[in-house]
Amino acid sequence: MEALLRRELGCGSVKATGHSGGGCISQGQSYDTDRGRVFVKVNSKAKRMFEGEMASLTAILNTGTVRVPKPIKVLDAPGGGSMLVMEHVDMRYLSSYAAQLGAQLADLHLDNKKLGESLLKEAGTVGRGGGHTERPFVERFGFDVVTCCGYLPQVNDWQQDWVEFYARQRIQPQMDMVEKGSGDREALQLWSALQLKIPDLFRGLEIVPALLHGDLWGGNVAEDSSGPVIFDPASFYGHSEYELAIAGMFGGFGSSFYSAYHSRVPKAPGFEKRLHLYQLFHYLNHWNHFGSGYRGSSLSIMRKLVT
């Protein structure tokens with residue numbers, strides 16, 4: 001491994017440290033190099049998972065809103081699988097900087113909207129040429145590459161309509177996996193009924209595409225001595241409310257986080273019902289990752305939304 005990293009990163013010296021970590025999907029190890037410490041994630045599955053993560057980290061990094069580990073390179077792992085090399089960050093449990101994370105996450109979600117407003121202003125200013133903004137405004141929902149929430153790939157084809165994007169490219173692929181895996185009739189019947197109800201949850205709502213982390217639960221946030229850090233993203237441009245669904249499912253975020261976030265992105269009418277709709281994706285995704293222990297939660301949400 002050290003020889004591979006020396007060659008691929010152009011380093012003179014590479015040495016494993018005592019820092020290691022991992023979750024349900026990937027394992028990681030830190031290495032000291034003559035160019036600084038790096039963290040290497042290793043996974044036996046498809047390379048596109050790490051390519052999607054690298055693109056996600058790069059997109060978030062480019063907004064300058066919330067800190068992420070700087071991605072360096074995706075490599076083929078020795079003996080099969082793939083690796084993602086990134087900046088090492090000395091992370092600890094999020095506590096002191098929860099409110100700051102809420103504010104910075106709001107800034108991330110508002111970044112594309114502000115880009116659009118800036119371009120409009122530039123276009124309307126007499127005597128100034130366009131093109132001052134380096135990053136383009138994103139008008140549609142999706143992402144340039146496939147990203148994975150867990151190890152399952154997400155369909156990120158660009159769509160003009162958010163409701164269609166969410167139903168067809170988030171929930172439908174999960175339901176297809178449920179049907180293939182168990183043929184659960186009740187789940188399929190509830191989904192048929194729910195599809196008719198979804199548009200009503202978005203009546204009168206204007207949604208500007210927001211760059212999302214995409215998998216923001218308590219295990220994917222931390223802090224170091226300088227402030228909050230988010231990692232393991234599964235990014236795409238979507239509805240900002242989607243981000244808060246998994247945040248509320250498994251704990252890790254206190255009232256200071258939400259207060260700071262909503263002071264910049266206020267709740268729109270119907271927020272709570274839409275949050276249930278967005279949590280449905282994550283319960284289905286967990287069902288398809290980890291088994292039928294998540295069936296009850298998935299069906300409960302669908303029943304709630306169709307009545």
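Residues numbered from 1 in each chain as written. Predicted model: local features only at pLDDT ≥ 70, side-chain atom pairs only at ≥ 80, totals over all residues. Heavy atoms only, no water.

The name given to the protein chain in an unreviewed UniProt entry is protein-ribulosamine 3-kinase, with Prolemur simus as the source organism. Listed under Sequence similarities (unreviewed entry) in UniProt, the entry text for the protein chain is "Belongs to the fructosamine kinase family." (UniProt positions renumbered as here; feature names shortened; annotations may be inferred.)

J.: Just checking my understanding: could you explain helix H8 (residues 271–290) for this structure?
T.: Each α-helix turn comprises 3.6 residues. Residues three or four places apart therefore point the same way. A rise of 1.5 Å per residue sets the reference length of H8, with its 20 residues, at 28 Å; its end C-alpha atoms lie 28 Å apart and thus fit the reference within 8%. For H8, the tally of buried residues reaches 16 of 20 residues, placing the bulk of the element in the interior. Where H8 ends, the next residue or the one after it, Gly291, has phi of about 110°, a positive value. (Helix = DSSP H or I, 4+ residues; strand = E, 2+ residues; numbered from the N terminus. Expected span 1.5 Å × (residues − 1). Buried < 20%, exposed > 50% of the residue type's maximum accessible area, 1.4 Å probe, protein only.)

J.: Where do I start with the side chain of Gln104 in this structure?
T.: The residue Gln104 is located in helix H3 (residues 98–123) in this model. Ignoring sequence-local partners within four residues, the contact set of Gln104 consists of Thr65, Val66, Arg67 and Pro228. (Contact = heavy atoms within 4.5 Å.)

J.: Is there a simple way to explain the nonpolar core in this structure?
T.: Note that soluble globular proteins tend to have their nonpolar side chains buried in a common cluster. Residues Trp162, Leu194, Phe202 and Met302 are the most contacted members of the largest nonpolar core, which totals 71 residues. Among the elements that line this core, the one with the most residues is H8, at 9 residues. In terms of nonpolar packing, the next biggest core, distinct from the first, is built from 12 residues, Leu5, Cys11, Leu75 and Val85 among them. (Core = buried A, V, L, I, M, F, W, Y, C linked by side-chain atoms within 4.5 Å.)

J.: I keep staring at the packing of H8 against helix H9 (residues 295–306) and nothing clicks. Help me out?
T.: Two quantities define a packed helix pair, namely the angle between the axes and the distance from one axis to the other. Packing of H8 against H9 brings their axes to within 9 Å, and their N-to-C directions diverge by 155°. With respect to their mutual orientation, H8 and H9 come out roughly antiparallel. Our pair here, H8 against H9, has a crossing hand that is left-handed. Here Lys273, His276, Leu277, Gln279, Leu280, Tyr283, Leu284 and Trp287 of H8 lie close against H9, whose contacting residues are Arg295, Ser297, Ser298, Leu299, Ile301, Met302, Lys304 and Leu305. Here the contact of H8 with H9 is built from residues that sort into 9 nonpolar, 4 polar and 3 charged. (Axes fitted to C-alpha atoms, helices over the stretch in contact; angles between N-to-C directions. Parallel < 35°, antiparallel > 145°, perpendicular 65-115°, else oblique. Left-handed = near helix turned anticlockwise from the far one by under 90°. Nonpolar A, V, L, I, M, F, W, Y, C, P; charged D, E, K, R; others polar.)

J.: Where do I start with the environment of Asp34 in this structure?
T.: Here Asp34 shows up in the loop between strand S2 (27–33) and strand S3 (36–43). Between the C-alpha atoms of Asp34 and Gln189, which are 155 residues apart in sequence, the distance is 58 Å. Leave out the neighbours within four places in its chain, and Asp34 touches Cys11, Gly12 and Ser13. At 2.8 Å, the side chain of Asp34 forms a polar contact with the backbone nitrogen of Gly12. (Polar contact = N/O pair within 3.5 Å; in protein donor to acceptor, adjacent residues only side chain to side chain.)

J.: Explain the packing of aromatic side chains to me, please; I cannot follow it from the model alone.
T.: Ring pairs (aromatic) are described by centroid distance and by the angle formed between their planes. Following the criterion strictly, the structure yields 16 aromatic pairs and no others. Geometrically, the ring pair formed by Phe141 and Trp162 is tilted, given 5.4 Å between the ring centres and 55° between the ring planes. With Phe141 in the loop between H3 and strand S6 (147–149) and Trp162 in helix H4 (residues 162–181), this pair connects stretches of sequence that are 21 residues apart. By relative accessible area, which is 3% here, Phe141 ends up buried. Among the aromatic residues, those joined into a ring-pair cluster are Phe141, Trp162, Phe165, Tyr166, Phe202, Phe236, Tyr242, Tyr278 and Phe281. Cation over ring: Arg274 sits above Phe202, and NZ or CZ is 6.0 Å from the ring centre. (Phe/Tyr/Trp six-rings, centres within 6.5 Å; stacked < 30°, edge-to-face > 60°. Lys NZ or Arg CZ within 6 Å of the ring centre and 35° of its normal.)

J.: Mind showing me how you'd approach the packing of H3 against helix H7 (residues 255–264) here?
T.: Contact geometry for H3 and H7: axes closest at 7 Å, N-to-C directions at 30°. Seen along the crossing, H3 lies across H7 with a hand that is right-handed. For the pair H3 and H7, contact is made by Ala98, Ala99, Leu101, Gly102, Ala103, Leu105, Ala106, Asp107, His109 and Leu110 and by Ser256, Phe257, Ala260, Tyr261 and Arg264, respectively. In terms of residue class, the contact of H3 with H7 is built from 10 nonpolar, 3 polar and 2 charged.

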